[in-house]
Amino acid sequence: MKNQSVTNNLDWISVFIYILLVIMGWLNIYSSSLSLSEESFVLDLSQFYGKQLLSIGLAIPLIFVVLSVDGKFYEKFAGVIYIIGLLSLAGLFVFGKTIKGQANWYSFGAFGLQPSEFVKAATSLALAKYLSDVQVNLKDVNRQMQALGIIFIPVVLIVIHDPGSALIFMTLFFVLYREGLPPWYLWTGFIAIILFVLSLILKPWAVILIAAGVTAFLYFRSRIVDRNIIASAIAMVMISGFVFSVDYVFESVFKQHHRDRFNILLGKEVDMKGIGYNTNQSEIAIGSGGWFGKGFLEGTQTKGGFVPEQHTDYIFTTVGEEWGFIGSLVVIALFVGLIFRIIYLAERQKTKFSRVYGYCVACILFIHFFVNIAMVAGIFPTIGVPLPFFSYGGSGLWGFTILLFIFLKMDANKVNEW
């Protein structure tokens, strides 16, 4: 049977949401780039909104290139793409340009390229390729370690330069869980996060006492045949060691600005003129928007430049101030709709490779969306995670575009799969 046109089979619902998010993102970058004295429409390609417009223009041919490549290419050369991605990260240690204290960019004259944004797609392809192997069973410990290695290698290369981007890769654990990874991995991670936060708030002995109470409760609630006092004792020893190590890690491993952000989030420090300035101004801007917002280009906090980095990580504050609660809900609904649409399409795939990659795309978009908005709302530490398709930056826009449209190409090609 002759292959049908990609455009006929393309999921236009996802494409339409993508276009809406990109347009809305640019409008907010435009608004946040103008000062109070600039009221009429101007177009200056040297400004942030002008550069972003160029990035959007370059994203269009990029989409056509991604869609024109045969869908099987991404599966066949997933390993090669992954290795190229790792080499691009390793090259930062030698050729990386330091911007705002982070050497995670390549400089090409007036342009910069952030390879970590593209490695997300490369890692997703490599993970999908590995998990689609008929011999892979995630119940096997060796297979688990190999799958985790695919995720952790880029994390190790990125975390020194950009801890926020490194965090994004950890969401791929959910993909492994979907494909058969034992659930105790996730439970261990959640418990470690809870213990870490509690250890920053309470004394170590108090956290251990709480943990002992929960462990005893679970022990006596379980069936007699399932009770294992030795395993429970070992768990408590490991928990105690972890709790007592938190203070050392927090004081000796975390950098000062990381400690400050956690302390402010937990209410241990209030520095509205220093490290807490961004979050405080962000909350003021969002709160001032009310139900329906102040109107496009009418945000006084936005146009007054009170929120630093408002065109990048804090772009959602512009939405909150100028579009209000209703406008913010619309943006959130678009992101949620896109993520659920990708999950829906992933479940309809005829090959495991395409399904796994689809879940990778959904997880990466979700963690970016969730962490960014939680960060802007002051319920998550500031870690420099951009809002997909919204935040300023050519690398981010192109990286997310490639990530999404590779999957849409796979989905469009499923009619030709057996």
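Heads up: the structure comes first, above all this text.
The following paragraphs examine the structure supplied in this document. A quick note: this is a predicted structure, and the numbers were derived from the prediction, not measured.

### A closer look at the packing of helix 7 (residues 116-131) against helix 8 (residues 141-159)
At their nearest, the axes of helix 7 and helix 8 sit 11 Å apart, and the two run at 170 degrees to each other. By the angle between their directions, the pair helix 7 and helix 8 is classed as roughly antiparallel. Taking contact as the criterion, the partners of Ser116, Val119, Thr123, Ala126, Leu127, Tyr130 and Leu131 in helix 7 are, on helix 8, Arg143, Gln146, Ala147, Ile150, Ile151, Pro154 and Ile158. Grouping the constituent residues of the contact of helix 7 with helix 8 by class yields 10 nonpolar, three polar and one charged.

### Thoughts on the environment of glycine 327
Residue placement: glycine 327 occurs in helix 17 (residues 316-347). Its relative accessible area of 9% is what places glycine 327 among the buried residues. Sequence-wise, glycine 327 and tryptophan 291 are 36 residues apart; in three dimensions their C-alpha atoms are separated by 8.3 Å.

### Looking at the nonpolar core
Tyr357 and Phe389 are the most contacted members of the largest nonpolar core, which has 99 residues in total. Beyond its immediate stretch of four places on either side in the chain, tyrosine 357 contacts Ala121, Ser124, Leu125, Ala128, Ile402, Leu403, Ile406, Phe407 and Met410. Core analysis: the second largest hydrophobic core is formed by seven residues, Leu195, Val207, Ala211 and Ile239 among them.

### Looking at helix 8
For helix 8, built from 19 residues, the straight-helix expectation of 27 Å at 1.5 Å per residue is met to within 8% by its first-to-last C-alpha distance of 25 Å. Along its length, helix 8 reaches its greatest deviation from straightness, about 35 degrees, at isoleucine 150, and the proline proline 154 lies no more than four positions downstream. Of the positions making up helix 8, those classed as buried are Gln144, Ala147, Leu148, Ile150, Ile151, Pro154, Val155, Leu157 and Ile158. On its buried side, helix 8 packs onto helix 5 (78-90), helix 6 (92-95), helix 7, helix 9 (163-169), helix 10 (173-178) and helix 11 (184-201).

### So, empty space enclosed by the protein
Summary: where empty space remains is shown by rolling a probe the size of a single water molecule over the atoms. Scanning the entire structure with this criterion turns up two cavities of 30 Å³ or more. Empty space within the second largest cavity amounts to approximately 40 Å³. Forming the walls of the second largest cavity are Leu89, Leu92, Asn104, Pro115, Ser116, Leu157, Ile158, His161 and Asp162. For the lining of the second largest cavity, a count of residues per class yields five nonpolar, three polar and one charged.

### Topic: the pattern of salt bridges
By the definition in use, this model includes eight salt bridges. Among the ionic pairs, glutamate 117 bridges to lysine 120, the shortest N-O distance being 2.9 Å. Of the two residues, glutamate 117 and lysine 120 are both situated in helix 7; the distance of three residues between them amounts to about one turn of the helix. Members of the salt-bridge network, linked through shared partners, are Arg178, Glu179, Glu347, Lys352 and Arg355.

### What about the layout of surface pockets?
By volume, the second largest pocket is sized at about 810 Å³. Lining the second largest pocket are 23 residues, with Ile191, Thr215, Leu218, Ala235 and Ile239 sitting closest to its centre. Within the residue set of the lining of the second largest pocket, elements represented by two or more residues are helix 11, helix 12 (204-221) and helix 13 (229-253). Counting residues per element, the lining of the second largest pocket draws most heavily on helix 11, at eight residues. In the lining of the second largest pocket, the residues fall into 18 nonpolar, five polar and no charged.

### Let's talk about unusual backbone geometry
Even without being a glycine, phenylalanine 389 presents a positive backbone phi close to 70 degrees. When you line up the elements, phenylalanine 389 lands in the loop between helix 18 (352-376) and helix 19 (394-412). In this structure phenylalanine 389 comes out as buried when scored by relative accessible area, which is 3%.

### What to know about the side chain of serine 240
Here serine 240 lies in helix 13. On the accessibility criterion, serine 240 (18% relative accessible area) is buried. Within the structure, serine 240 has its side chain in polar contact with the backbone oxygen of methionine 236 (distance 2.8 Å).

### Remarks on helix 7
The end-to-end C-alpha distance of helix 7 is 22 Å, a good match for the 22 Å that 16 residues give at a rise of 1.5 Å each. Taken across its 16 residues, helix 7 has 14 buried, putting it largely inside the fold.

### Examining a nonpolar patch on the surface
A surface patch of nonpolar side chains, about 550 Å² in accessible area, is lined by Ile201, Leu202, Ile210, Val214, Phe217 and Leu218. Counting residues per element, the nonpolar patch draws most heavily on helix 12, which supplies four residues. Within the secondary structure, isoleucine 210 sits in helix 12. Note on isoleucine 210: relative accessible area 42%, which makes it partly exposed.

Parameters and conventions
Residues numbered from 1 in each chain as written. Predicted model: local features only at pLDDT ≥ 70, side-chain atom pairs only at ≥ 80, totals over all residues. Heavy atoms only, no water. Axes fitted to C-alpha atoms, helices over the stretch in contact; angles between N-to-C directions. Helix = DSSP H or I, 4+ residues; strand = E, 2+ residues; numbered from the N terminus. Parallel < 35°, antiparallel > 145°, perpendicular 65-115°, else oblique. Contact = heavy atoms within 4.5 Å. Nonpolar A, V, L, I, M, F, W, Y, C, P; charged D, E, K, R; others polar. Buried < 20%, exposed > 50% of the residue type's maximum accessible area, 1.4 Å probe, protein only. Core = buried A, V, L, I, M, F, W, Y, C linked by side-chain atoms within 4.5 Å. Expected span 1.5 Å × (residues − 1). Bend = angle between axes of the 7 residues up to and from the residue. 1 Å grid on protein atoms, 1.4 Å probe; cavity = no way out; pocket = protein on both sides within 12 Å on 5 of 7 lines; lining within 4 Å. Points joined across faces, edges and corners; volume = space filled by probe spheres on them. Salt bridge = Lys/Arg side-chain N within 4 Å of Asp/Glu carboxyl O. Polar contact = N/O pair within 3.5 Å; in protein donor to acceptor, adjacent residues only side chain to side chain. Patch = residues over 30% accessible without salt bridge, like charges linked within 9 Å, V, L, I, M, F, W, Y side chains within 5 Å. Areas by Shrake-Rupley, 256 points an atom, 1.4 Å probe, with all protein chains shown as cover.

As far as function goes, none of this settles anything; it's purely spatial.
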